[in-house]
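What the coordinates show
Below are the chains, spelled out letter by letter.
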Amino acid sequence: ELKNAVGLLKDDRCFLSPHVGDVENLSTHDFFTETVRTLGSLLECEPEVLACDRHPSYLTSRWAREEAKRRDLPLVEVQHHHAHMVATMAEHGLDRPAVGLILDGTGYGDDGTIWGGEILIGEPTGFRRAGCLEPLPLPGGDAAIKAPWRTAVALLQSIHGDQLPDLPWLQDKPVDMVIEMIRKGVNVPMSSSCGRLFDAAAAMTGRWSEVRYEAQAAVEFTALTTVDESRSASSIPAIIDEVDGLSVLRTVPLVRGSTQGRDLVSNPSEFAAIFHRSLADLLIDATATIAQREGLTDVVLGGGTFQNEILMALIPEGLTARGLRVHRPVQLSPNDGGLALGQAIVARASL
């Protein structure tokens, strides 16, 4: 809803609209519907099928359901991370099965939970989830996005139990309330989101207890280090467990090892470098292992977290060194601005 763009697929080309933006704003939503009409008029064609995100509550998805009914058209609801994956595949003309490493903040998962750190196996006609980052609790749901200290407390609680370390930034926070929420499982959705993991890590330094704009904690936390510093940092050994056929990438041990013996408040740069390097190595190891197991050699990257220049440098390097062909977004943003291409390709494949 926040980073919206529209796409119209005609023959072998997809025409993407300019950035539309936050459709929760009424005038922007009007511009969204106007953009749909304008694309059809400019390209002199009418759609045969509509596609939208599978999230049940997005305003754009509600519009698509109403529009499909009004026009008597089939509607294809596309899983968020599958659309990210297929968008990158389409950009590179890749029509054979591949591994998708998709990292972002929020996407509605097929199991009804919040996804965002996913390793998929698939192609335009379908996908399956092969791996994910270890799900973390989000105390308060959306409130944890605006107040990352909540997710940091959940992460600290996973490491230390109910006796949290004596960190200065915890002193004025209702920590006991959050721990009680986690213990009782009240309004604490689980999320495999890479974006929320970055929020929690950033908040553990005490610098980003709350944020004023989207992804502020992750963006400014990344700015504490560089590609070269992260590349040369020590790495926490990867732990990957198989749970009901799903590779679960353990992030709690990664954070525990990255923080151990370090003053996160006064000197967070070393922590940021180790965290980036360790997370990149964990994702590389899991993706390469799954690719080898599946007999695949193509890996596609996507999702808004790949706007992180450190991950976008280290992960392709590591995967290439493991003998894999890496395809990254080039013409399109890895962020949600490129989703429409993936959605359109998936919809056409379903006809």
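Our subject is the structure listed above.
A brief structural summary. All figures in this text were calculated on a predicted structure; none of them were measured in a lab. Every residue gets a number counted from 1 within its own chain, in the order that chain's sequence is written. Note on the predicted model: pLDDT of at least 70 is required for a residue's local features to be given, and 80 or more for side-chain atom pairs to be given and counted; whole-chain, interface and lining totals, by contrast, use all residues. The side-chain figures draw on all heavy atoms in the structure; neither hydrogens nor water molecules are used.

Some details on the pairing of strand β1 (residues 7-10)
- Any two strands are treated as partners once DSSP identifies two or more bridges connecting them. Segments assigned H or I by DSSP are reported as helices when at least four residues long, segments assigned E as strands when at least two residues long, and all are numbered from the N terminus. Sheet analysis places β1 next to strand β2 (residues 13-16), joined by 4 bridges and oriented antiparallel. What sits directly across from Lys10, in β2, is Arg13.
- In textbook terms, the turn of a hairpin is the stretch between consecutive antiparallel strands, and for β1 and β2 this stretch comprises 2 residues, one of which, Asp11, has a positive phi near 55 degrees.

A word on the environment of His92
- Locating His92 in the fold gives a position in the loop between α3 (80-91) and β5 (98-108).
- His92 sits 236 residues away from Arg328 along the chain, and the two C-alpha atoms are 8.6 Å apart.
- By definition, residues are in contact when any of their heavy atoms lie within 4.5 Å. Apart from residues no more than four positions distant in its own chain, His92 is found in contact with His327, Arg328 and Val330.

So, the layout of surface pockets
- If you add up the space inside the largest pocket, you get close to 1,600 Å³.
- Around the largest pocket sit 46 residues that line it, and Lys3, Thr106, Ile145, Arg196 and Glu214 are the ones nearest its centre.
- Its volume calculated, the second largest pocket comes out at about 930 Å³.
- If you tally residues by element for the lining of the second largest pocket, the top one is helix α13 (residues 339-350), at 6 residues.
- As a working rule, the residues Ala, Val, Leu, Ile, Met, Phe, Trp, Tyr, Cys and Pro are called nonpolar, Asp, Glu, Lys and Arg charged, and the rest polar, with Gly in that last group. The residue inventory of the lining of the second largest pocket, partitioned by class, reads 21 nonpolar, 6 polar and 12 charged. In this analysis the probe radius is 1.4 Å and the grid spacing 1 Å, with only protein atoms considered; a cavity is a set of points the probe fits into but cannot get out of, a pocket is an open set with protein on both sides within 12 Å along at least five of seven lines, and lining residues have an atom within 4 Å of a point. Grid points are joined across faces, edges and corners, and a volume is the space filled by probe spheres set on the points.

Description of unusual backbone geometry
- In this model, Asn187 sits at a positive phi of 55 degrees, which is unusual for a non-glycine residue.
- Non-glycine residue Ala215 carries a positive phi angle of around 65 degrees.
- Its location among the elements puts Ala215 in the loop between α7 (194-203) and α8 (216-222).

With respect to the environment of Asp172
- Positionally, Asp172 belongs in the loop between α5 (149-160) and α6 (175-184).
- Here the alpha-carbon distance between Asp172 and Phe306, two residues 134 residues apart in the chain, equals 34 Å.
- A distance of 3.0 Å separates the side chain of Asp172 from the side chain of Lys173, its partner in a polar contact. Distance and chemistry together define a polar contact, namely a pair of N or O atoms within 3.5 Å, with one atom able to donate a hydrogen and the other to accept it when in protein, and with adjacent residues in sequence counting only for side-chain atoms on both sides.

As for the pattern of salt bridges
- Think of a salt bridge as a Lys or Arg side-chain nitrogen and an Asp or Glu carboxyl oxygen that are within 4 Å of each other. By the definition in use, this model includes 22 salt bridges.
- The closest approach of N and O atoms between Glu77 and Arg65, which form a salt bridge, is 3.1 Å. In this pair, Glu77 sits in strand β4 (residues 75-78) while Arg65 sits in helix α2 (residues 59-71), placing the two residues 12 residues apart along the sequence.
- Categorising residues by exposure relies on relative accessible area from a 1.4 Å probe, with only protein chains included: less than 20% of the type maximum marks a residue as buried, more than 50% marks it as exposed, and the intermediate range marks it as partly exposed. Of the residues examined, Glu77 reaches a relative accessible area of 29% and is grouped as partly exposed.
- Ionic pairing is found between Asp241 and Arg250, a salt bridge with its closest N-O pair at 2.9 Å.
- Taking the relative accessible area as the measure of exposure, Arg250 reaches 22% and is therefore partly exposed.

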